[in-house]
Amino acid sequence: MAIYYDFRKKPGQQPDEENPVMTPRVVSSGTCKAEELYEIVGHGTTFQPGELE
């Protein structure tokens, strides 16, 4: 699963700043069921899906 970010100007800055400070925000690209997540994590670790529930 990839994580995508959207960068936005930090609130409270002056609008005429030449190099504004940017803050990242996570962009949701969907959801998955808990069982699917257990399978994904189980493949990348020594845990079994039953241990993660």
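Heads up: the structure comes first, above all this text.
It should be emphasised that the depicted structure is a prediction, and the values quoted were computed from it without experimental measurement.

Colleague: What is the right way to look at the pattern of salt bridges in this model?
Modeller: Any two side chains of opposite charge can pair if their charged atoms end up close together. What the rule picks out here adds up to one salt bridge. Among the salt bridges present, the one from Arg8 reaches Asp6, with a minimum N-O distance of 3.0 Å. Arg8 gets classed as partly exposed once you look at its relative accessible area, which sits at 46%.

Colleague: What's the story with the environment of Tyr38 in this structure? I'm lost.
Modeller: Its place among the elements puts Tyr38 in helix H1 (residues 34-44). Judged by relative accessible area, which is 22%, Tyr38 ranks as partly exposed. The sequence separation of Tyr38 and Gln48 amounts to ten residues, and the corresponding C-alpha distance is 8.1 Å. In this structure Tyr38 touches Pro49, Leu52 and Glu53, once residues within four positions along its chain are discounted.

Definitions and limits used
Residues numbered from 1 in each chain as written. Predicted model: local features only at pLDDT ≥ 70, side-chain atom pairs only at ≥ 80, totals over all residues. Heavy atoms only, no water. Salt bridge = Lys/Arg side-chain N within 4 Å of Asp/Glu carboxyl O. Buried < 20%, exposed > 50% of the residue type's maximum accessible area, 1.4 Å probe, protein only. Helix = DSSP H or I, 4+ residues; strand = E, 2+ residues; numbered from the N terminus. Contact = heavy atoms within 4.5 Å.

Any functional reading would require information that these geometric values do not contain.
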